[in-house]
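Residue-level structural notes
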Protein chains: 2
Amino acid sequence: MKRVFGIDLGGTTVKFSIVDEAGQVLDQWAIPTNVEENGINIASDMVASMKEKMAGLTGDDVPVAIGVGVPGPIVGDMVERAVNLGWSNMPLGRVLKTEMDMPVALLNDANAAALGEVWMGGDPNNATGTAVFVTLGTGVGGGIVIQGQVINGEHGCAGELGHNPVDAHDVRVCGCGKTNCLECYASATGFVKTANQLFAKAGSAHIFTSGKEVFDEIAAGEPLAIEARDITVEYLASSLAAVVNTVDPQEVIVGGGLSHAGDLLLGPLADRLRDYVFPAVRDRYVLRRAVLGNNAGILGAAYQAIRLIS
Amino acid sequence: MKRVFGIDLGGTTVKFSIVDEAGQVLDQWAIPTNVEENGINIASDMVASMKEKMAGLTGDDVPVAIGVGVPGPIVGDMVERAVNLGWSNMPLGRVLKTEMDMPVALLNDANAAALGEVWMGGDPNNATGTAVFVTLGTGVGGGIVIQGQVINGEHGCAGELGHNPVDAHDVRVCGCGKTNCLECYASATGFVKTANQLFAKAGSAHIFTSGKEVFDEIAAGEPLAIEARDITVEYLASSLAAVVNTVDPQEVIVGGGLSHAGDLLLGPLADRLRDYVFPAVRDRYVLRRAVLGNNAGILGAAYQAIRLIS
């Protein structure tokens, strides 16, 4: 069985793994990401680390392709920009291909996570299916998989669901420069903000600092916390419904910090999504939590690499 | 150059054409759609018409594949349902393939129109590009093309943009059973309704009966008509922005009756869409009118047939 490198290139560490065609992670290690001088040494550090690993391997154990999830938009073999790495138009694909002499797949990190979840996170029979993946963390990210292929978009920006507009009464400025993006309300940050606003308005001095704290209150039946959850779910369901209508998926997968709330979030989300989607697809997709955590990106990157050699 | 049948199967007529690989329509004719007895004779009528045409053709002039745009969701070689034809789970693909002894591609009619517009309606260099297609007619339909391939969805429902939820002050029941779908506001019907509501509220007894009449008032500078247009554009832009963020297209193509208003509609739509999309894709897609009219569906069906033989 062939083996590939699956790599998650983050702003703090580069996580490497060796993955086989069945999705088994056979080895895993990490190096720090050197973001000095606009990240000029990152690619050569990656090459050195992979070469060092390969020196100890022989025969079928040697990886034959590379997949990398990158925190920025990918166009061709180029990382258009990656703010956390200091990169702008970095030809990472070409560099790795030349230095490592094997095929290289680059993909956006959220897209890699989407692909990983579709491949190894659910029903193996759905691995070539269509899925909408959304992460509710510090921000809101997403990825769209159509019949087992992740959609990159013409400018590497497909699946940017966090920046769908929502029609809110509040006005919140998004990191992207727009106002009232989905991310302003359905990220963990936005959710906590909504809860704090509701509590302050009710005269409470309590300040939440994490989504988990708000969900603890929801579990205890606190009405204002429930109201904050319902506002979040409302925006998320309405926005996801447009995406579900667009691609008609088998699965809608929710990851990121807020997804750990489980049914306290996914229960009402399923109900509202059901109300909002086109009736002909209602009850025909599965809404589920992401299950792979940080390994999703590595597995998705590996999957994309495996596609290059099969 | 190979030739194929491109067929637009409608509730009133079945429009046939013979199209070559360059997208030239070489012949075109139609037969009435016999919807009696739940449309049981439609497929055999189609076969008879194609066989009759083929009897007069020899050599390379004989079509070698069939593409059909159908007014309903397609799953595999099956039309899941087509209310206008009386069909439910009709194995049209299998029937045509057996009777005509050539490859058959079925696709939803809005998807066929999307594919046709991408193939022959714009820049030929974009024929393998990514596009969002929306029609603003009696209803609101849509189709999504990703790198030259139309997305059918897991249940034949991809691209049903008309049923994206909008957050409106009014409450309008959609034909699909939901309330406040995009179609209730951005179809020609919905647009006219919005204009009539505004005029009635202002004490006017004037009743518009077509989108064109409202756009004539807009051209004359009538503020209430402009307000109706702006409300329509607001819902449409916000909904399309979510779709643009999802697939990151090269083109956003607007067809259907309302698109004939040209810049009076597309000008403000471009502005609002620009405000709503993810900044990294802003100004990187082309918003344009559909140009092929009724031929879009025939050409898209033909394109899908050509894919089967090339």
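Quick notes on the rules
Residues numbered from 1 in each chain as written. Chains lettered and ligands numbered in written order. Predicted model: local features only at pLDDT ≥ 70, side-chain atom pairs only at ≥ 80, totals over all residues. Helix = DSSP H or I, 4+ residues; strand = E, 2+ residues; numbered from the N terminus. Rg over C-alpha atoms; globule rule 2.2 N^0.38 Å. Contact = placed C-beta atoms within 7 Å. Expected span 1.5 Å × (residues − 1). Buried ≥ 20, exposed ≤ 12 C-beta atoms within 10 Å, placed from the backbone. Nonpolar A, V, L, I, M, F, W, Y, C, P; charged D, E, K, R; others polar. pLDDT = per-residue confidence, 0-100. Least-squares fit on C-alpha atoms with pLDDT ≥ 70 in both. Pairing = 2+ DSSP bridges. Arc of directions from axis to C-beta. Axes fitted to C-alpha atoms, helices over the stretch in contact; angles between N-to-C directions. Parallel < 35°, antiparallel > 145°, perpendicular 65-115°, else oblique. Left-handed = near helix turned anticlockwise from the far one by under 90°. Domains from an automatic or database assignment.

Right, let's talk about the overall build of chain A for a bit. Of regular secondary structure, chain A possesses 10 helices and 13 strands. Relative to the compact-globule value of 19 Å for 310 residues, chain A shows a C-alpha radius of gyration of 20 Å, a close match. Pairs at least 24 residues apart make up 62% of the contacts formed inside chain A by residues separated by at least 6 positions.

What follows deals with helix H4 (residues 109–120) of chain A. For H4(A), spanning 12 residues, the distance from its first C-alpha to its last is 16 Å, which sits close to the expected 16 Å at 1.5 Å a residue. Extensive coverage of H4(A) is indicated by the burial of 12 of its 12 residues.

Next up on the list: the interface of chain B and chain A. Counting residues at the interface gives 38 residues for chain B and 38 residues for chain A. At the level of elements, strand S10 (140–146) and helix H8 (223–247) of chain B are the ones that each hand at least two residues to the side of chain B that touches chain A. Its residues assigned to classes, the side of chain B that touches chain A comprises 19 nonpolar, 13 polar and 6 charged.

Right, let's talk about the confidence of the model for chain A for a bit. Taken residue by residue, chain A gives an average pLDDT of 96. The fraction at 70 or more is 100%. We note a pTM of 0.95 for the whole complex and an ipTM of 0.94 for its interfaces.

To continue, consider the relation of the copies chain B and chain A. Aligned on chain A, chain B shows an RMSD of 0.0 Å; the corresponding rotation is 180° and the shift along the axis is 0.0 Å. Viewed as a symmetry operation, the transformation between the two copies matches a two-fold axis. A symmetric contact is evident, with 100% of the interface residues of chain B recurring at the interface of chain A.

Turning our attention to the environment of A:Glu36. Residue and element names in this part refer to chain A. Tracing the backbone shows Glu36 in helix H1 (residues 36–39). The exposure class assigned to Glu36 is exposed, which follows from the 10 C-beta atoms found within 10 Å. Once the C-alpha coordinates of Glu36 and Gly86 are considered, the two residues, 50 residues apart in sequence, prove to be 8.1 Å apart.

Residue and element names in this part refer to chain A. Looking at the element boundaries, Asn196 is found in helix H6 (residues 188–201). Placed 23 residues apart in sequence, Asn196 and Val173 show a C-alpha to C-alpha distance of 17 Å. When near neighbours in sequence (up to four residues on either side) are disregarded, Asn196 contacts Ile207 and Phe208.

Once that is clear, we can look at the pairing of strand S12 (residues 251–255) of chain A. Residue and element names in this part refer to chain A. With respect to burial, S12 is a largely interior element, 5 of its 5 residues being buried. Judged by which residues are buried, S12 turns out to be covered on both faces: Glu251, Ile253 and Gly255 on one side and Val252 and Val254 on the other are all buried. Sheet topology places strand S9 (residues 131–136) next to S12; 5 bridges connect them, and they run parallel. Paired with Phe133 across the bridge in S12 is Ile253. As defined by bridge partners, S12 adjoins strand S13 (residues 286–289) across 4 bridges and the pair is classed as parallel.

Residues and elements named next belong to chain A. Read from one edge to the other, the open sheet built from 3 strands follows the order S5-S6-S7, with strand pairing classed as antiparallel. Taken across any chain shown, the strands that pair with only one partner, and hence form the sheet edges, are strand S5 (74–75) and strand S7 (87–90). Direction of pairing for strand S6 (residues 78–82) relative to S7: antiparallel, over a ladder of 3 bridges. The partner of Ala82 across the bridge, within S7, is Trp87.

On to helix H7 (residues 211–219) of chain A. All names here are of chain A. Buried within H7 we find Gly211, Val214, Phe215 and Ile218. The arc enclosing the buried residues of H7, seen along the axis, measures out at 100°, which places them on a common side. In this fold, the buried residues of H7 make contact with H6, helix H8 (223–247) and helix H9 (263–276). One or two positions beyond H7, positive phi appears at Gly221, with a value near 85°.

Residue and element names in this part refer to chain B. Contact pair helix H6 (residues 188–201) / H8: the axes reach a minimum separation of 9 Å and the direction vectors enclose 135°. As the angle between them shows, H6 and H8 are arranged oblique. The chirality of how H6 crosses H8 is right-handed. Note on element contacts: H8 touches H6 through Leu224, Ala225, Glu227, Ala228, Ile231 and Thr232, opposite Phe191, Thr194, Ala195, Leu198 and Phe199. Taken together, the residues of the contact of H6 with H8 break down into 8 nonpolar, 2 polar and 1 charged.

Turning to the domain arrangement of chain A, a few remarks are in order. Residue and element names in this part refer to chain A. Domain assignment breaks chain A into domain 1 (3–115 + 294–309) and domain 2 (125–289). Using only C-alpha atoms to locate each centre, domain 1 and domain 2 end up separated by 29 Å. Counting from both sides, the interface comprises 11 residues of domain 1 and, opposite them, 15 residues of domain 2. At the level of elements, S5, strand S8 (104–108) and H4 are the ones that each hand at least two residues to the side of domain 1 that touches domain 2. Broken down by element, the residue count for the side of domain 1 that touches domain 2 peaks at 5 residues, all from H4.

In this section: the sheet that holds strand S4 (residues 66–70) of chain A. Residue and element names in this part refer to chain A. Pairing is mixed in the open sheet, where 5 strands are placed in the order S3-S2-S1-S4-S8. The open sheet has two free edges, formed respectively by strand S3 (25–32) and S8, since each of these has just one partner strand. Going from strand to strand, the sheet's axes swing by 20° on average, the running direction of each strand aside. Inspection of the sheet shows S4 paired to S8 by 5 bridges, in the parallel sense.

Let us now look at the packing of H8(A) against H8(B). Closest axis-to-axis distance for the H8(A)/H8(B) pair is 9 Å, and the angle between their directions is 65°. Here H8(A) runs over H8(B); the crossing is right-handed. Seen from H8(A), the contacting residues are A:Ser239, A:Ala242, A:Val243 and A:Thr246; seen from H8(B), they are B:Ser239, B:Ala242, B:Val243 and B:Thr246. Its residues assigned to classes, the contact of H8(A) with H8(B) shows 4 nonpolar, 4 polar and no charged.

Here we come to the pairing of strand S9 (residues 131–136) of chain B. All names here are of chain B. For S9, the tally of buried residues reaches 6 of 6 residues, placing the bulk of the element in the interior. Covered by surrounding structure in S9 are Ala131, Phe133 and Thr135 together with Val132, Val134 and Leu136, the residues of both alternating faces. The antiparallel pairing of S9 with S10 creates a hairpin that spans 3 residues between the two strands.

All names here are of chain A. At Glu37, a residue that is not glycine, the phi angle is positive and equals roughly 50°. Summarising the element assignment, Glu37 is placed in helix H1. When the 9 C-beta atoms within 10 Å are taken as the criterion, Glu37 is described as exposed.

Within the secondary structure, A:Arg307 sits in helix H10 (residues 295–309). Note: C-alpha distance between A:Arg307 and A:Glu160 (147 residues apart in sequence) is 24 Å.

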